[in-house]
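Here are the chains, one letter per residue:
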Amino acid sequence: GSGHTLTLLANGQVLATGGHEGDFSLANAEIYDPDTQTWRATTPLTRNRAAHSASPLANGKVLVAGGFDGSCCDSRYTLDTSDLFDVVLPGPGTLTSVSAASYSAVALARDSIVTAFGTGLAATSMQAGDALTTQLGGTTVAVKDSRGIERLAPISFVSPEQVSYQVPPGTAEGLATVTITNGDGAASTGVSLIRDTAPSLFTANGSGRGVAAAIVRRITAGGSSQEEPVAAFDRQQNQFVAIPIDLSPLTDRVTLVLSGTGIRFRTSLSSAIVTVGGVYAELIYAGPQPDALGIDQVEVVLPRSVAGSGEVDILLTVDGQIANPVRINFK
């Protein structure tokens, strides 16, 4: 997307608001914390805006003004209004849905795994069993797509301020209304842009930033196969750290299997591109992960030229959309 604003807040964090995807302007808002290198959703704008201004005020609020609420820079959609924006979590009755992998709210893919933030979404915290359900602890999620078709979403987790669900299969591209109703009948609503693909990668710490949630597959010259972790939790540092990947001996075939979501409806395998430390990697697979609803995986052959390079970024692009960067380490 483009046409959004980035505003430096008094606490050193950065607020991203609005923008547009194609012909759709957005009301999404996210906050970036440079200390943890994570994004989180916050209260959305009161209306969709792109190419607008955003100015921090002395009281900690942000004045958002002008812009367009349709096609960017088309005078027919010019806004002459402003909003005083509070940088807080979604208030009662409002909802923000983000990718469960990257925490990006720019766009969500059909069939992908999503996390919604709000208040009063459920009476208590509850995890679904092996199979997802359309009602958990009395809470339901309904997604009404751009064609006016409403479907109940499969739910994996509920709590008073967070619900994890899958965008229902068959949801049409375009703006969709998401409604979460708790067991008492109180509803929270939000609007999300649905696309066929919106690639996101999971990380070991669950933040969407840092060491990849992935495994290494190694096939030796003798034909034996083994799997190796790429991350471990360091208790002294209280965080996940990358385990250096050994690309020797040269006779081994070493691949990396990444976990993600929003990838499976790529137009073709060639429309997905992966670089490892800036080096293009041979893509073997990009599609659904077996036996994991809504989870996708990407498998690439690790290029020998990155051996000894230490920590590097993995960059995934699917149908021109860039996923959140994740990291791995090489001996």
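Please read these numbers as outputs of a predicted model, since none were measured by experiment.

Visitor: Please clarify how the overall build of the chain should be interpreted in this entry.
Guide: When helices and strands are tallied, the chain shows 0 helices and 32 strands. The C-alpha radius of gyration computed for the chain amounts to 21 Å, which stays within 12% of the reference 20 Å derived for 331 residues, consistent with globular compactness. Projecting the C-alpha coordinates of the chain onto the three principal axes gives extents of approximately 65 × 45 × 40 Å. Of the contacts formed within the chain by residues at least 6 apart in sequence, a portion of 57% connects residues at least 24 apart. Taking the average place of the 20 positive charges on the side chains of the chain and the average place of its 30 negative ones, the gap between the two points comes to 2 Å.

Visitor: Is there a simple way to think about unusual backbone geometry in this case?
Guide: Peptide bonds are trans in most cases, and residues, glycine excluded, mostly fall at negative phi. The omega angle of the peptide bond from Ser-248 to Pro-249 is -5°, so this bond is cis rather than trans. Relative to the helices and strands, Pro-249 is located in the loop between β24 (239-242) and β25 (253-261). Phi is positive for Ala-51, which is not a glycine, with a value near 55°. By the element assignment, Ala-51 lies in the loop between β6 (38-41) and β7 (53-56). Phi is positive for Asp-111, which is not a glycine, with a value near 75°. Of note, Asp-111 is situated in the loop between β11 (108-109) and β12 (113-117). Under the relative-accessibility criterion, Asp-111 is labelled buried at 10%.

Visitor: I'm lost on empty space enclosed by the protein in this one. Help?
Guide: Taking a probe equal in size to a water molecule and rolling it over the atoms shows the remaining empty space. Overall, the coordinates contain 1 cavity of 30 Å³ or more when judged by the stated rule. Roughly 40 Å³ of internal volume is contained in the largest cavity. If you go around the largest cavity, the residues you meet are Ser-99, Ala-107, Leu-108, Ala-109, Ser-112, Ile-113, Val-114, Ala-198, Ser-200, Thr-261 and Gly-262. Of all the secondary structure elements, the ones that give two or more residues to the lining of the largest cavity are β11 and β12. Looking at the lining of the largest cavity residue by residue, the classes come out as 6 nonpolar, 5 polar and no charged.

Visitor: I keep staring at the sheet that holds strand β18 (residues 174-181) and nothing clicks. Help me out?
Guide: Working definition: the strands of a sheet are paired by backbone hydrogen bonds and lie parallel or antiparallel to each other. Taken in spatial order, the 5 strands line up as β11-β19-β18-β14-β15 in an open sheet, and their pairing is mixed. The sheet is open, and its two edges are formed by β11 and β15 (150-152), each paired on a single side. Note: strand β14 (residues 140-144) against β15, 3 bridges, orientation antiparallel. Its bridge partner lying in β15, Val-143 is registered against Arg-151.

What counts and how
- Here the residue numbers are simple positions, counted from 1 along each chain's written sequence.
- It should be noted that, the model being predicted, local features are given only for residues of pLDDT at least 70 and side-chain atom pairs only at 80 or more, the latter also being counted only at that level, while totals for whole chains, interfaces and linings use all residues.
- Note that water and hydrogens are dropped before the side-chain values are worked out from all heavy atoms of the structure.
- Secondary structure counts use DSSP, requiring at least four H or I residues in a row for a helix and at least two E residues in a row for a strand, with both numbered from the N terminus.
- For a compact globule the rule gives 2.2 Å times the number of residues to the power 0.38, and the radius of gyration it is set against comes from C-alpha atoms.
- We call two residues contacting when some pair of their heavy atoms lies within 4.5 Å.
- Counting rule for charge: Lys and Arg are taken as positive, Asp and Glu as negative, and neither His nor the chain ends is counted.
- Where a charge sits is defined by one atom per residue type, namely NZ (Lys), CZ (Arg), CG (Asp) or CD (Glu).
- Exposure is judged per residue with a 1.4 Å probe applied to protein chains only, and the accessible area is read against the type maximum: over 50% gives exposed, under 20% gives buried, and values in between give partly exposed.
- Here a cavity is any set of points on a 1 Å grid over the protein atoms alone where a 1.4 Å probe fits but cannot get out, and a pocket is any open set with protein on both sides within 12 Å along at least 5 of 7 lines; a residue lines the site when it has an atom within 4 Å of a point.
- Grid points are joined across faces, edges and corners, and a volume is the space filled by probe spheres set on the points.
- Charged residues are taken to be Asp, Glu, Lys and Arg, nonpolar residues to be Ala, Val, Leu, Ile, Met, Phe, Trp, Tyr, Cys and Pro, and polar residues to be all remaining types, Gly included.
- Following DSSP output, two strands are said to pair if at least two bridges run between them.

Keep in mind these numbers describe shape, not what the thing actually does.
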